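Structure at a glance
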Amino acid sequence: MESNRNSDIQQKVIEIIQKIKTCREISRLSQAELATKAGISQGFLAMIESGKKVPTITSVLKICQALEIAPEYLFMTGEQNRQKVKEEIIKKIMTEL
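It should be emphasised that the depicted structure is a prediction, and the values quoted were computed from it without experimental measurement.

**Section: helix α3 (residues 42-49)**
Residues Phe 44, Leu 45, Ile 48 and Glu 49 constitute the buried set of α3. Down the axis of α3, the smallest arc covering the buried residues is 135°, so these residues share one side. Looking one or two places after α3, you find Gly 51, whose phi comes out positive at around 85°.

**Quick notes on the side chain of Lys 19**
If you trace the backbone, Lys 19 turns up in helix α1 (residues 2-26). The buried charged residue Lys 19 lacks any salt bridge, with Glu 15 as its nearest oppositely charged partner at 5.4 Å.

**A word on the state of the cysteines**
The full count for this structure, using the stated rule, is zero disulfides. For the unlinked cysteine Cys 23, the closest cysteine sulfur is that of Cys 64, found at 7.9 Å. When its relative accessible area of 7% is taken as the criterion, Cys 23 is described as buried.

**Concerning unusual backbone geometry**
Positive phi is not limited to glycine here, since Arg 28 has a value of about 60°. Tracing the backbone through its elements, the reader meets Arg 28 in the loop between α1 and α2 (31-38). A positive phi angle is found at Glu 68, which is not glycine, with a value near 60°. Assignment of secondary structure puts Glu 68 in the loop between α4 (57-67) and α5 (78-96). Residue Glu 68 is classed as partly exposed on the basis of its relative accessible area of 49%.

**Describing the packing of aromatic side chains**
The tally for this structure, following the rule as stated, stands at zero aromatic pairs. The ring of Tyr 73 has Lys 19 sitting right over it, with the charged end atom 5.3 Å from the ring centre.

**With respect to α4**
Within α4 the residues assigned to the buried category are Ser 59, Val 60, Ile 63, Cys 64, Ala 66 and Leu 67. Projected down its long axis, α4 shows its buried positions confined to an angular sector of 160°, all on one face. Among the exposed residues of α4, those pointing more than 90 degrees away from its buried face are Ile 57 and Gln 65. Immediately downstream of α4, the backbone of Glu 68 shows phi near 60°, a positive value.

**Quick word on the pattern of salt bridges**
Counted by the stated rule, this structure contains two salt bridges. Lys 12 serves as the salt-bridge partner of Glu 15, at 3.8 Å between the closest nitrogen and oxygen. Placement of both Glu 15 and Lys 12 in helix α1 is noted, with a separation of three residues, approximately one turn of the helix. Where Glu 49 meets Arg 24, a salt bridge forms, and the shortest distance between an N and an O atom there is 2.7 Å. In this pair, Glu 49 sits in helix α3 while Arg 24 sits in helix α1, placing the two residues 25 residues apart along the sequence. In this structure Glu 49 comes out as buried when scored by relative accessible area, which is 12%.

Definitions and limits used
Residues numbered from 1 in each chain as written. Predicted model: local features only at pLDDT ≥ 70, side-chain atom pairs only at ≥ 80, totals over all residues. Heavy atoms only, no water. Buried < 20%, exposed > 50% of the residue type's maximum accessible area, 1.4 Å probe, protein only. Helix = DSSP H or I, 4+ residues; strand = E, 2+ residues; numbered from the N terminus. Arc of directions from axis to C-beta. Lys, Arg positive; Asp, Glu negative; His and termini not counted. Salt bridge = Lys/Arg side-chain N within 4 Å of Asp/Glu carboxyl O. Disulfide = S-S within 2.5 Å. Phe/Tyr/Trp six-rings, centres within 6.5 Å; stacked < 30°, edge-to-face > 60°. Lys NZ or Arg CZ within 6 Å of the ring centre and 35° of its normal.

As structure tokens, this is what we get:
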């Protein structure tokens, strides 16, 4: 039972990391640019995105602020997530027009 819970948590962390990377790419930011905006080191961001480090809550909040996304987006699943992704993509596209 404990290993299933750990596996679920590990999978959720992977999903959060992937969402951070996807949002960064949609925002057309390099790791260095996002790290600077978030006030963290580029090396730490690279380790987060590669799964070598798990971001702290503080780091997640800084990254979300830099990406201009709501922190709860990272924790959404299923249809909520798909709808939020669509909204974020549309928002980013509209700001670039």
